[in-house]
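Each chain, letter by letter, is given below.
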Amino acid sequence: MEISEIGQWNLEIHNRYNPYDGIFERGDGQFLSFKDDPRLPMIIEPIAGIDGHPRSFACMNPSECNTDIGSSRFFSLVALANAPDGSVFVGDSNLIRRITPDGQIYTVYKLRTNTNRQNFEYHIAFNSIDQYLYISDPERFQIIRVPIQEKYESNQEITMPEAEIVIGTGEQCFPHDRSSCDDGKTGVEVQLIYPKDLAFANDGSLFFSDGNVIRILDTAGYVRRVVGQFTKRQWKPISCQSSHSSDHIKLKWPTSLAIHPLDGSLFFVDNHVLFKLNQNMQVSILSGYSSFCLEDSDTHKMPKNNEIDCDSPLLNAQTMSLCGDEFLFGSIAFAPDGILYVADISRRNENRIFAYM
């Protein structure tokens with residue numbers, strides 16, 4: 001039977017979908033399998049918190065917070081992190097919970113609360129070398145870590161581990177501190193401005209954004225600044241066509257960090273602009289620079305904004321930058337093959353994720 005079912009002739013533009021086998025039958029006789037074709041986009045579906053009801057804040061009932069993923073409930077989602085075994089750590093307000101590969105979810109740590117703490121805003125990252133989960137807590141002005149129970153049985157009692165302070169005395173430092181927030185000392189001796197995102201290098205070094213600078217906890221246990229300045233020097237735009245020494249750049253408020261899995265370079269977002277720090281400690285702007293870039297000879301050689309289709313799905317990093325505030329870069333993350341995924345949080349009606357190949 002012809003697809004169009006209209007007699008002795010057929011329409012090539014008439015198609016039919018077989019939902020049982022996931023096969024798209026085209027009018028020209030070709031077939032397209034939605035199950036097997038890797039070029040097709042993945043389907044996003046909810047896996048946890050399906051009923052839409054929140055959990056209780058205290059979550060004292062073990063059956064409510066330590067259960068299977070289909071019955072799970074959340075209070076307020078804050079952060080996500082993954083582990084090499086396929087586990088996903090979920091920052092859920094005052095609790096940090098782990099979703100195991102076999103579909104179980106349980107609490108691994110409970111953040112301390114007090115009467116003055118209403119909101120929970122923190123970042124988490126898992127270190128596959130020491131098997132600890134690291135938590136950047138700006139309200140404590142510290143970065144802590146907790147051990148992760150390697151295996152959990154459904155009938156096993158879960159005990160909350162004691163958190164170990166990794167970075168920060170607990171006292172806040174300010175961006176123009178004369179002592180540079182004790183930079184160069186061990187992790188527990190330095191002061192933090194406002195710790196935010198975390199990213200682990202291949203050797204276990206920990207990069208973290210702290211106020212208006214990016215710092216690193218090296219493998220010897222010392223903290224030092226890698227990008228930005230503590231001084232009062234006024235912020236000014238930089239050339240966007242060349243690289244700059246990391247200690248000559250003054251940042252505004254760096255947020256999301258990501259380490260390239262192949263070459264180990266650090267990518268970060270500051271003021272919705274995407275930067276790269278290479279192994280030679282040189283910083284270059286990859287995208288998003290049109291709003292504050294210095295006018296130089298190289299800039300004039302590039303296409304103008306009105307010559308670019310900013311709605312095209314095939315924009316590259318350079319042409320995307322010329323669209324101005326059409327794009328605002330938010331969170332970033334790398335895939336194992338080195339593809340960088342960037343969330344566009346611009347004030348448009350569209351919310352998109354771009355992949356940098």
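Fair warning: this is a prediction, and the values are worked out from it, not measured in the lab.

Rules and cut-offs
Residues numbered from 1 in each chain as written. Predicted model: local features only at pLDDT ≥ 70, side-chain atom pairs only at ≥ 80, totals over all residues. Heavy atoms only, no water. Pairing = 2+ DSSP bridges. Helix = DSSP H or I, 4+ residues; strand = E, 2+ residues; numbered from the N terminus. pLDDT = per-residue confidence, 0-100. Contact = heavy atoms within 4.5 Å. Axes fitted to C-alpha atoms, helices over the stretch in contact; angles between N-to-C directions. Salt bridge = Lys/Arg side-chain N within 4 Å of Asp/Glu carboxyl O. Buried < 20%, exposed > 50% of the residue type's maximum accessible area, 1.4 Å probe, protein only. Polar contact = N/O pair within 3.5 Å; in protein donor to acceptor, adjacent residues only side chain to side chain. Disulfide = S-S within 2.5 Å.

Visitor: Account for the sheet that holds strand S5 (residues 77-82), naming residues and giving values.
Guide: Note: strands within a sheet are paired through backbone hydrogen bonds, in either parallel or antiparallel orientation. Read across the sheet, five strands follow the order S4-S8-S7-S6-S5 without closing on themselves; strand pairing throughout is antiparallel. A single partner strand is all that each edge strand has here, and the edge strands are strand S4 (67-68) and S5. Inspection of the sheet shows strand S7 (residues 95-99) paired to strand S8 (residues 104-110) by five bridges, in the antiparallel sense. Bridge assignment links Ile96 to a residue of S8, and that residue is Tyr109.

Visitor: Hey, could you go over the confidence of the model for the protein chain for me, with residue numbers and the actual values?
Guide: Close reading of the predicted structure is inappropriate where its pLDDT is low. Across the protein chain, pLDDT averages 80, with 74% of residues at or above 70. Every residue in residues 297-306 scores below 50 in pLDDT, and together they form 13 contacts with partners more than four places removed in sequence or on other chains.

Visitor: I'd like a rundown of the sheet that holds strand S16 (residues 223-227), residues and numbers included.
Guide: Strand order across the open sheet formed by four strands is S13-S14-S15-S16, with antiparallel pairing between neighbours. The sheet is open, and its two borders are formed by strand S13 (195-200) and S16, each paired with just one other strand. If you compare each strand with its neighbour and ignore which way they point, the axes differ by 30 degrees on average. Both strand S15 (residues 213-217) and S16 contribute to a ladder of four bridges, which runs antiparallel. Each bridged residue has a counterpart across the sheet, and for Ile214 the counterpart in S16 is Val227.

Visitor: So, the pattern of salt bridges: which residues are in play, and what are the values?
Guide: If you walk through the whole model with that rule in mind, you get nine salt bridges. Taken together, the shared-partner salt bridges connect Arg55, Asp92 and Arg97 into one network.

Visitor: So what's going on with the environment of Glu189? Which residues, and what values?
Guide: Along the polypeptide, Glu189 turns up in the loop between strand S12 (164-167) and S13. Assessed through its relative accessible area of 41%, Glu189 is described here as partly exposed. Sequence-wise, Glu189 and Gly170 are 19 residues apart; in three dimensions their C-alpha atoms are separated by 9.7 Å. Beyond its immediate chain neighbours, meaning those up to four positions away, Glu189 contacts Thr169 and Asp182. Polar side-chain contacts of Glu189 include one of 2.7 Å to the side chain of Thr186.

Visitor: How would you sum up the state of the cysteines? Please name residues and give values.
Guide: Enumeration according to the criterion identifies two disulfides in this entry. Here Cys59 is linked by a disulfide to Cys65, with a sulfur-sulfur distance of 1.2 Å. Residues Cys59 and Cys65 share a disulfide whose torsion about the S-S bond is about 80 degrees; that sign makes it right-handed. A single burial state applies to Cys59 and to Cys65, both of which are buried. Disulfide pairing is shown between Cys173 and Cys181; the S-S distance is 2.0 Å. Torsion about the S-S bond of the Cys173 and Cys181 cystine: about -85 degrees, corresponding to left-handed handedness. Each member of the pair Cys173 and Cys181 is classed as buried.

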